[in-house]
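# Report on the structure
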Amino acid sequence: MKFLLVDDSRTMRNIWKKVISSLENSETVEAGDGVEGLNAIKENGPVDIMLVDWNMPNMDGLTMVKKVRETDKTTPIIMVTTEAEKPRIIEAIKAGVNNYVVKPFTPDALLGKIDETLKRAGQTA
Amino acid sequence: MADEEKKQVNPKLIAAFVNSTQNVLKTMVQANSKIGKPAQKFDPKPSYDVSGIVGFSGEVVGSVVISFREQSAIDIVEAFCGEKLDLHSEDFADAIGELSNMIAGNAKKDFGLEAHIGIPSVIIGTGHSIARLRDVPCVVIPCTSEVGDFAVEVNIKQVSCVPA
């Protein structure tokens, strides 16, 4: 299971990696903003699931999701962000996000959302 | 605007930071925290030497500074990241920024207003000053926790018009 982790905070990417490492056969590709995220997809090929922060320099997560969805309608995307207001969540879902995790989160909550998202997409973690 | 209006800070905004701080500490650092009585301050210097700063825009403008004692910052970052980090490393500043970002973002959801947060900044060093809004007081929320003490310094105001 290949994850693309997009967050400008290396601390947050490391926390995600620790959580994901509990899943079998997981591997990760990292990016520090939306531009790097799009480049990572071009350079590394398709991934199985993406975790994307919203507020980032250069290109935010919402813009990145919209650009991904121009060509890729199926890869599951989970937005992991401090943006917790309902209108923002709706905006993200409309942009093509499949699931949403609000920071702060527990490891179990993140794993639960990953599992739920993959099941909806017909995959298993 | 009358002086009386200028000096008021909406208690709902302060309560949002109290709840947010305890939630973030509990969830990400697994630490219980106690909140002291909020007080106004006028000194531009933050309470301690490590500052995580997040700006607000939209219907709420200003900033919040999460101000840590140096040792508290070291201990809280260790609990947050699961490893001890050097105070002067990029990763240490990144961790303080992310904690500050979570506290600000989690508070924002309870404002009930159209507000946005910026990318966090981090300053580490003795005696630094923070430029703040002058027409509203800075409200300091003292926090004690199992992993160290810190203060949440809220200097924000609600604005009725959102600039185009």
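Residues numbered from 1 in each chain as written. Chains lettered and ligands numbered in written order. Predicted model: local features only at pLDDT ≥ 70, side-chain atom pairs only at ≥ 80, totals over all residues.

Bringing the overall build of chain B into the picture now. Broken down by element type, chain B carries 4 helices and 8 strands. Reading the secondary structure of chain B in the N-to-C direction produces α-α-β-β-β-β-α-α-β-β-β-β. A globule of 164 residues ought to have a C-alpha radius of gyration of about 15 Å, and chain B, at 15 Å, matches this closely. In terms of its C-alpha atoms, chain B occupies a principal-axis envelope of roughly 50 × 35 × 30 Å. Evaluated residue by residue, chain B yields a buried proportion of 43% over its 164 residues. The contacts in chain B between residues at least 6 apart in sequence include a share of 71% that link residues at least 24 apart. (Helix = DSSP H or I, 4+ residues; strand = E, 2+ residues; numbered from the N terminus. Rg over C-alpha atoms; globule rule 2.2 N^0.38 Å. Buried ≥ 20, exposed ≤ 12 C-beta atoms within 10 Å, placed from the backbone. Contact = placed C-beta atoms within 7 Å.)

Below, the discussion takes up the overall build of chain A. For chain A, the helix and strand inventory stands at 5 helices and 5 strands. Walking chain A from its N terminus toward its C terminus, one meets helices and strands in the order β-α-β-α-β-α-β-α-β-α. Relative to a compact globule of 125 residues, whose C-alpha radius of gyration would be 14 Å, chain A shows 13 Å and is just as compact. Taken along the three principal axes of its C-alpha coordinates, chain A extends 35 × 30 × 30 Å. Taken across its 125 residues, chain A has 40% of its residues classed as buried. Once local pairs closer than 6 in sequence are excluded, the contacts in chain A between residues at least 24 apart make up 59%.

Another aspect to go through is the interface of chain B and chain A. Listed by partner, the interface residues are 18 residues for chain B and 16 residues for chain A. The set of elements that each furnish at least two residues to the side of chain B that touches chain A consists of helix H2 (11-28) and helix H4 (90-108) of chain B. A breakdown of the residues in the side of chain B that touches chain A according to their chemical character gives 7 nonpolar, 7 polar and 4 charged. (Nonpolar A, V, L, I, M, F, W, Y, C, P; charged D, E, K, R; others polar.)

Residue and element names in this part refer to chain B. Mapping Ile96 onto the fold places it in helix H4. A sequence separation of 62 residues divides Ile96 from Lys34, and the C-alpha atoms of the two residues are 20 Å apart. With sequence-adjacent residues up to four places away left out, Ile96 is seen in contact with Val50, Gly52, Ala73, Val77 and Val122.

All names here are of chain A. If you walk across this open sheet you meet the 5 strands as E2-E1-E3-E4-E5, and the pairing is parallel. Each having just a single partner strand, strand E2 (27-31) and strand E5 (99-102) make up the two edges of the open sheet. Ignoring which end each strand starts from, the neighbouring axes of this sheet average 20° apart. Judged from the 4 bridges that link them, strand E4 (residues 77-81) and E5 form a sheet pairing that is parallel. Looking at the pairing, Ile78 lines up with Asn99 of E5. (Pairing = 2+ DSSP bridges. Axes fitted to C-alpha atoms, helices over the stretch in contact; angles between N-to-C directions.)

With respect to the element layout, Lys84 of chain B can be found in the loop between helix H3 (70-81) and H4. On a C-alpha basis, the gap between Lys84 of chain B and Glu153 of chain B in space is 26 Å, while along the polypeptide they are 69 residues apart.

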